[in-house]
Every structure is written in structure tokens, then in C-alpha cells.
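# Chain and residue survey
Listed below, chain by chain, are the residues.
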Amino acid sequence: MMTTRSADHAPDYSPAEMQAVFLSRDLTDGELGAAGASAAIPMAAMLLARLRHAPNLSIAGEMFVNPYPKQLWSSMLDDRALGACEAAETFLELFAHSHRGLDFFFHNGMQIDQYGNINLHHIGGTIDAPVMRGPGAANISYAVTSRRFYICTTVHTKRTFVPKVDFITSPGYLQGPESYHAAGLQYGPKYCVTPLAVMDFDPETFRMRLKSVHEGISVDHVIAQTDFELLVPEHVEITDPPAPNELQLLRDVVDPKGLLRS
Amino acid sequence: MMTTRSADHAPDYSPAEMQAVFLSRDLTDGELGAAGASAAIPMAAMLLARLRHAPNLSIAGEMFVNPYPKQLWSSMLDDRALGACEAAETFLELFAHSHRGLDFFFHNGMQIDQYGNINLHHIGGTIDAPVMRGPGAANISYAVTSRRFYICTTVHTKRTFVPKVDFITSPGYLQGPESYHAAGLQYGPKYCVTPLAVMDFDPETFRMRLKSVHEGISVDHVIAQTDFELLVPEHVEITDPPAPNELQLLRDVVDPKGLLRS
Amino acid sequence: MTAATGRKTKRIRFDEIGGFLANTIEDGDLLAIGGLFKQGRPLALIREVIRQRLTALKIISSPGSGFDVDLLIAAGCVAETFLPAVTLETHMCPSFRRAVEAGTITAHCVDALSVVGGFLAAANGVPFQPVAAWKGSDVIKYNPLIREITCPFTGEKLFATKAIRPKLALLHAQEADEFGNIRHLSTMTYADQMIARSADTVLVSVDRIVPSGDIISRPRETSIPCIYVDAVVEIPFGAHPTGSFPNYSIDEAHIDSYATYAEAARKGSPTGDANLQAYIERHVIAPQDQEGYLTTVGGDTRMEELVAEAQAL
Amino acid sequence: MTAATGRKTKRIRFDEIGGFLANTIEDGDLLAIGGLFKQGRPLALIREVIRQRLTALKIISSPGSGFDVDLLIAAGCVAETFLPAVTLETHMCPSFRRAVEAGTITAHCVDALSVVGGFLAAANGVPFQPVAAWKGSDVIKYNPLIREITCPFTGEKLFATKAIRPKLALLHAQEADEFGNIRHLSTMTYADQMIARSADTVLVSVDRIVPSGDIISRPRETSIPCIYVDAVVEIPFGAHPTGSFPNYSIDEAHIDSYATYAEAARKGSPTGDANLQAYIERHVIAPQDQEGYLTTVGGDTRMEELVAEAQAL
């Protein structure tokens, strides 16, 4: 339970930039993917992948195809955030995505649990009488229609990383293999990417497992910020930092206004 | 069983013009209607109504709204026949029409029977082994979704006006009130308009009834051209011929190339 | 052939909106709102709903909503919501949160496919839309719009979402002719077309009324044909503070300032409720017309900035 | 941000169509054809299907079809049709009639809602589409695509039409970029968009390939996004003898001349079959490319007439 390297200096990139770069590397040329509403990091990841190694990656949310924004915005679902596009669609496309499906999607959550389930509905109480009511989620169908998804959150604390979500807005691996298969689910989260670390899921137990910590972050810190028993392998890598050309493309072309650094 | 007037001279308008003018008068301002593919007379009727007394009549087939063609064409479902339009839609609209419904629609038939049922599928044999296979019908749903329809045919012979159609492509009053109500039908044909005459349907028996004969056509001729017992009232009017301003609008604006006279 | 003379206009004046609402919607009815999140929301029409003191409304929208719904709730107009996501994106919606947590409104647990499927079914004239997704989510356990169904061909179990027929839909678009042919110039149309086809009555605000000949010259660009529209009203900056691209962008600063008032009220600040109601009085109740409203939000100077931001995209 | 470099083109050459077909469709498969009646039918692609000697095809289309289906039947390519209406409008379809009456093809008894509903269901990723119509018609008694279903909300009986997933769709449009973003300029798009979303593979012929920047400058006008298109081929007058508005009109005279041959063959004229097969040999089998085909149908002179007719509308 130790990191292979440690960094003495503060990284010259932001956590959000690290997240975007990590995710971009995992996207493959020719794939079709989408992200939800608040999706600056996922949008950056897709745009960077398209520029760097995946020119045939298609970005198709419910209502547009292949946007070419001049800068990043916190939203992804208005004209401002899309810039020019190859096609403008409507919510009819929501159903169309169910047909051929997506290769990947990005989820966020107020609560994320050890099986990668996501909660955006309420914390405490019940759905009808919540202590804290969240925004809800526009689209919960991608757990079924997207061949993999990523959990990407800008907050990694014990309040967000809980043993069991109070409400399953979008399912990850439910309560593990038995419940997952019983529900007829076929796909699930591949990575959970936070400002601190990258987690994947143990193929036997479907529980969240530390994969790598970002430069300057200790394994113990990640454990301390997680309110469930994170599986931690003997050897935890440091997340491969952004290469100069990745950072340059990200800053010069994808995010010239520095949204990911603000 | 006699006509109230007889005409010694040949009318100075064609049977198709008479049909278009008669139908146009029955369309009311503010209504929404459509016609199928081979629909020169219905199109003329709608355009004439819009010009003469129904400026708020909406013409909306499955795939366009309010066309402004420069001339009539035999088809109604290509760009040529539409001219400019207020909106271009797609076949999705086929379903949309099921929601609010139409006020009126026009049908044609290879066979038309005494209850206003229409056959466009086959004559003789069975649907799987027909003696004569017809074109079929694109849309059979208007019997349910259009609040009334007109049967408009350019052929009035014993071959087309048969006691019972070999195949019900689109239902009229089926086999009369009992079967009509049992099938859950609510709407039906209002008039059957041919080059010879106008028929309506007896409200008790739902059987076809002669309403008026066109100028120059005798009641006996209509009876002779009809292979079922047409109900004929004591007194049969002559169809009110096109008024000068109707004919002028029809020829100058709607049908300047004279398709209805060819 | 040219357009018929004698055709009735569907154009109404700003001062006729109140009467139109009075004739088409009552307390407790289902109201549908077009646009999504911070784009294409018919805010000028929404403010008139508040001025009409409508109450106990049921609110439905395209799957993403925020500012206008929060404002309607703060003004006491809402009893129930059928909204998949309610957020200001950079903030949660304070009045929505507060009302749901206090139990003063019922926020039904729905998602995008159930709402869009419901509009689609209504637009298609059928009682339900099949949906093949949703496995494993708690949303389906509480969603009042859905039932299980068996496919008559494959025998597979899937879901049906119920047709949604709003009493009134309020939409905003960029252009229309006076006969109610609507043209979106924005890239995003969201669910506006489906909502127009599903609602009993449709009122659309537009940035600009254009000549009928302009609509007829480009029929493919008509997004909602006149047969689905009951009235159209020209309201410059009628979507403000949401955006109406490509004409003007989103007034994030105004939305933030509203959120600050609403969040303070939610947190029980001593002056919170008074300040939130003062916002409503100043921006919603007091203005006599759109020009009056625009004066309260920065007038021409601010509008020119929003136009410039949209043009720079 | 500009388009990525290294993006693969989806544009193929005319002489690659045969290979594309060989890789994507086999004898007996379900082939979908875009357009309707005499507009927007991908005739150059259909002629290549005949040249490939494909047989026993099942043919589906938007609800109206005619010339191309009749030609495919005359050429011996077809075993079954799922076509609501089959007509040349001014004539019935001779080869279709002849084959159905002789029992050499099976013409399934379907209507517009069952076919459009089937495309819609497939495009929507669901196994069926509900339909609330059809009472009283004999079409539903024989239609293989439909079943009765009960609404889970209202208990009412209605129908379900089965999702249709063609193996290959052939479409024709006016413009596309090389990445497969398709733009119809015609007023009528019919079911092309739904067909593209429902088929396993989609090949589109267009009158003209345009720069990608042109597509991006007007995203609302893209009718079929590249994600639903596998290959695109520029074929001038590729819809001939059907029309591709606003670029060129329908060649009624050519369709009439075909109908005369086919009708004589149907009626058993002594030279009927030979003349019909000579038509196919001359216009379909012999031409090496589109230029060769156009020469057989009147060449530039005739094409200029059809362009002029479209422009005069």
C-alpha cells in the first residue's frame, strides 16, 4: 500500500485537467459517446481525444452531433457550449440512442457508492420526504444503452463516496454480481475519476478499487476521503500526468479560457 | 325518380371540375384536411375553398402544411405538386394526425360498395392469390382519425360500384349499422362524388343514396352504371353547376394548365 | 398561387397574454414549458403566469429545467412537478429544494425517457410509448408515468410511459409568421416540437415576427407548423434571462443574483423571504410590459452585451 | 476548434458501389428504399443491385413506391414486398401486378402506419410501436407486422406494429459531406430519416458532395447525421427517372416508356418479355457508369430539361 513515486512539487496542471486527460486516453478512435448536462471535463476529454488520437470519435448527445466549440463551458446542452455542429437533433434522438447504443457515457453524482451506483435525487429521508433534494437526473437509460460509462466527479469526500447511496438514480453494479445479473444489467462503470485518483471495479466482487492516485496525492488521503472500504492493491501507480502535447492541445485548442483551471 | 331540370346543352365545364367545385363548397373555413397520393380533384377542391370562402382552411397531408402550387398535378405527394409550403414535415406526421385528427380526408377506390367501403387491394381470388392485384393503399387510418371523408372517383361504372367489395382496404359503413358499431367505428363517408352524380348515405341503413345528378346526366344512367341497388329519393336535384366565379378561380388560379379538363 | 386573403392572424399583443392565459389554463392544470435549462425558456410568458396568480399548477418541461420553475415555485404557483432534472447547473435550484424538502410541492420522480416518451406518445396519438431501458434504477420504482408491459412479438418485458397531454404549452422561438408557423434558428430545439404536438393549446413567444412569404420560401426550416399553434406573440428578449440563440445569450449574472436571493431564503436568512419576494415584485409583478421588465434587468446596455456574446460564439 | 485531421472519409466511388453491396447484403435480405413514388428514389443504387444479380430480396420502402420496385421485380431480384402502395400513379405497376397475380412474389398486406411505425420503433430502439387506428379494415387481418395489444394505463385494445430493421437502406438526397452528413434540400423527406435510423447499414447517393464546413455552418439543415450513414456516393442525376428536387424533376416520359414495355409483357404480348428484358439490358446492365446510363436516357439535353422543369416550380 504505497505509491511508486512521490511528487515534491505541485503539479503544473489542475486536477480537472488531469481528469480530462486521463479520460481522453481511454476513448478509442471510431467510438460514439455522449455526456450529460454539467459536463466540462467529459467534453474536454472527448474533444482532446478527437484532436489527439481519435479523429473518428463521434460526440453525439441527445440533440447534436459533433460539436466544435471555441471554448469550454460548464454546460454542454446549449448553443453556447456547442459552437458549430455537424447536425442539430431533438429529444427524439434520446430514443434513437437506445437502438444502436453508445460506446460510452459520463455520469456524475451527489453520492457515489462502492458499487458505482449514483445518486442525484435525495440525501436522507425518502424520495417523497427528503432531507436534501438533489437535482434529479435527466437521463438514466445509459446504464442500459451505453456499453460502458465513466463516473467523473469534481468532489471526492466522505460525503460523496458513501457505502450505499440513499437512492439509485443510475445503477452501477447495484449490490454486487448477484443483484447486477438479476436486474438484467449488461454494462457498468469502467472508471471512477476524481480530483484525487482513478478507481476501477474488481471483476470478482464489482467493488470499487483504487487504480492510481494523481501526482501529489497519497493513497492514505484517498482512503481518508472515502467513506467505504476502498479495495487497494499492493501496488498503486501514480496516474500518468498529462504529457506536454496533451496539455498544450487542451489549453490552446480545447479550453483556451482555462475553465478547467478555474 | 326524375330530375328536376334537364340540360339540353353540353356543360361548359368538365366532370372533374364539377366534382372539385362540389367538394370545395362542402369544406368549411377553419377545417384541417388532407388527401392521398392521386388527388388532383381533392387538391383542387381544397385550394378553391381556401381561395373562395375558407381562407383559414389548413391543408396538411402527412408531410407538408399549406402548399401553394402554381398548377395542379396528378400526384399530391412530391415537391412538384406542392410548390411552396408553410412547413415541410416527414412521415412522423402520420402519427401526429392520429392525435388531433383531421376534419376531412378524400378516398378513391378500384371498387366502392353500397356501404361506402373501398377496395384498392385485389379483385377476384384472395389477397394471397388475386385475379387482379391493385396498388394497395398507403394510409388506411383516416377512417378512424378523420371526422368525415369523401369518396371521389373519376370512374363510375358497374365494375367500380359493386354490391360488396372483394377486400375492405378502408372501411366505410362495413355491412351497415350493426357491423359498423360493432367494429367501434365513429366516422364514415359523407359523400361519394363521381363524374355522374353525388351520393350520400341513408342515415338509417347507411346505404348509398343518390343525392344529385350532374347537369346532363340522367338518373337512369347513374342507376345503369351502378351494380347495386342505389337508393333513389322521389326527387333528385341536379348538382348545382359551377358558378362563374368558381370556375374562374378554378381555371385562372388553381388549375391554369387545365388538368381537370384533360 | 398566393396566400388567401381573409386569413385570421394568430398574433396577439403583449397586453393580450393575460387574457389568453385566463381562457386556456386554470389553477391545478398541467402546464408544459419549452426550451431546456437556460436556453429557449419562455420567461416573459412565465412572468405573466405569475402575474395572473395561477396556483396549484402541475409543471412539466423538456427534461432539463431550472430558473423559471424555481421562480414559479417561489411565487407560489406550483403544486406538482414532473421534471427529470431541476438545476441552475452552477447551483441547485433553491426554491425547488426548499419546497420539496418542506413538503409543500410534490416532485414526481421521472426521467428523460418517461417525459419525452410521454410527449411523443401524445404527439403520435397513442396512449403510451414503449421504453426499453431503466433496469436497475430506483427512478422506475416511484415514477407515476410508467407501467410494465410485455412485447406482443418477443415476449420480453419492457416499460410503457403514459401519454402526456398538457393543458397549455408555453414555448419560445426566434421567428414566426403571424399565422403561427414557428422557426427555431437555434441549434437546439430540445422537445419544443413534441410539446407543441402534445398540448391542447400552444402559445409561442418569438424574438421577431417575419412575413409569411419568408416562411413559405424555406418550408424545411419551419420547426412547428401553424396547425399546432394557437397564438404567437413577439416579445423582444422574451426568453431573458435564458438565452435565445443566435440572437442573444444567457444572462448568467442575473440568474446568479436570483439564486443568491432564493438561496438566502431557503437557508432561512432573516431577510431572505422579503428579498426574494422583492425580486418577484420588482421583476415580475411591477413591470407593465416587456420594456418595463428589461429596464429592471439592465436595459439596452445589458441586452447589447447579451447580443454581442451570442454573436461571438 | 476545427475539424480533426485524420478523419476517415465515407465517400465511395461509383465503381465501389458493387463491392459495398457485396459486403452488406445477401440474397434473401430485407432491403429498404428511401424516397416516395417518383421522388428521391436511389435509382442508380437500385440499378447496381440488379447488376449484382441479387435475388429473393425482401423489399420495404416508405409507404409509396413504384418504378424502382417494379424494375427490381422485372429483373428477378424480389421474393417478398412489404409495401403499402405500389403504383406509377398514372398507371398501375405492371411487373408487380403480374408477379403477384402469378404468385411468383408475396406482396404482404401492410399499410403506412404499420411500415412507418415499424421504422419508428426500430429507430427508437423499442420492439414495437403502438397504433390506435385500423378499425374495420381487412388490411389488419392479413398484415404480418401487427398484433393486438392492451394499453397498460387505459385498458383499451389497440395494435402494435413490429420494429423493422432492414439489412441495408438505400437512400438518395441532394447534398452530403464526405463524412456522411446528409442534407435534403427537397421539401419532402418522407421516411428517409427514420429508415436511416432503423437499418443496419445505410448507403446514400447524393447529387453533390459539399465541403464539411458547409454542413457545419448550417447544422439544423443536416437531415441525417453521419452517425447513421456508412457510405455516401456522389451520382449526378442518381435518382433519375425519379426527381431530386429542387435540382431536377421527374422524367415522366421515361417512366411511361418503361411502363409500356412492362405492361405489354404483363399482357403476354409476343415480344413483351423480350422488350422488357431489352430495356433492362440497355439501361441497367450495359452502362458501365452513370454517364453511360444517362446517355441511354437522353443525355445532357434531357437532363437540362428536367433541371429547367424543377427550377420553374
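The shown structure was predicted, so the numbers you read here are calculated from the model rather than taken from an experiment.

### A closer look at the interface of chain A and chain D
Contacts between the two partners involve 28 residues from chain A, matched on the other side by 29 residues from chain D. Taken over both partners, the interface formed by chain A and chain D buries close to 2,300 Å², and the fraction arising from carbon and sulfur atoms is 55%. Our count for the contact surface shared by chain A and chain D stands at three salt bridges. Between Arg-7 of chain D and Glu-86 of chain A there is a salt bridge whose closest N-O contact spans 2.7 Å.

### Let's talk about the sheet that holds strand 7 (residues 111-113) of chain B
All names here are of chain B. Overall, mixed pairing links the three strands, which are arranged 8-7-12 in an open sheet. Where the open sheet ends on each side, the last strands, each with one partner, are strand 8 (118-119) and strand 12 (161-162). The pairing of strand 7 with strand 12 spans two bridges and is classified as parallel. In the sheet register, Asp-113 faces strand 12, and the bridge partner there is Val-162.

### Points about the interface of chain A and chain C
Contacts between the two partners involve 44 residues from chain A, matched on the other side by 53 residues from chain C. Overall, the association of chain A and chain C removes approximately 4,000 Å² of surface from exposure, summing both partners, and the carbon and sulfur fraction of that is 66%. For the interface between chain A and chain C, the tally reads one salt bridge. There are 15 residue pairs in polar contact (both at pLDDT 80 or more) connecting chain A and chain C. At the level of elements, helix 3 (79-82), helix 4 (92-100) and strand 10 (130-133) of chain A are the ones that each hand at least two residues to the side of chain A that touches chain C. Sort the elements by how many residues they give to the side of chain A that touches chain C and strand 10 of chain A lands first, with four residues. By residue class, the composition of the side of chain A that touches chain C is 27 nonpolar, 11 polar and six charged.

### Examining the domain arrangement of chain C
All names here are of chain C. For chain C, the domain assignment lists domain 1 (14-108 + 165-210 + 220-312) and domain 2 (112-162). One C-alpha centre belongs to domain 1, the other to domain 2, and the line joining them spans 28 Å. Taken together, the 13 residues of domain 1 in the interface contact 11 residues of domain 2. Carbon and sulfur atoms supply 83% of the area that domain 1 and domain 2 bury against each other, a total of about 1,000 Å² over both sides. Broken down residue by residue, the surface that domain 1 buries against domain 2 is led by Pro-63, Arg-165 and Met-194, which jointly contribute 42%. At the boundary of domain 1 with domain 2, the tally comes to one residue pair in polar contact (both at pLDDT 80 or more). Mapped onto the side of domain 1 that touches domain 2, the elements with two or more residues apiece are strand 2 (57-61) and helix 7 (192-198).

Definitions and limits used
- Residues numbered from 1 in each chain as written.
- Chains lettered and ligands numbered in written order.
- Predicted model: local features only at pLDDT ≥ 70, side-chain atom pairs only at ≥ 80, totals over all residues.
- Heavy atoms only, no water.
- Contact = heavy atoms within 4.5 Å.
- Buried area = accessible area lost by both parts, 1.4 Å probe.
- Salt bridge = Lys/Arg side-chain N within 4 Å of Asp/Glu carboxyl O.
- Pairing = 2+ DSSP bridges.
- Helix = DSSP H or I, 4+ residues; strand = E, 2+ residues; numbered from the N terminus.
- Polar contact = N/O pair within 3.5 Å; in protein donor to acceptor, adjacent residues only side chain to side chain.
- Nonpolar A, V, L, I, M, F, W, Y, C, P; charged D, E, K, R; others polar.
- Domains from an automatic or database assignment.

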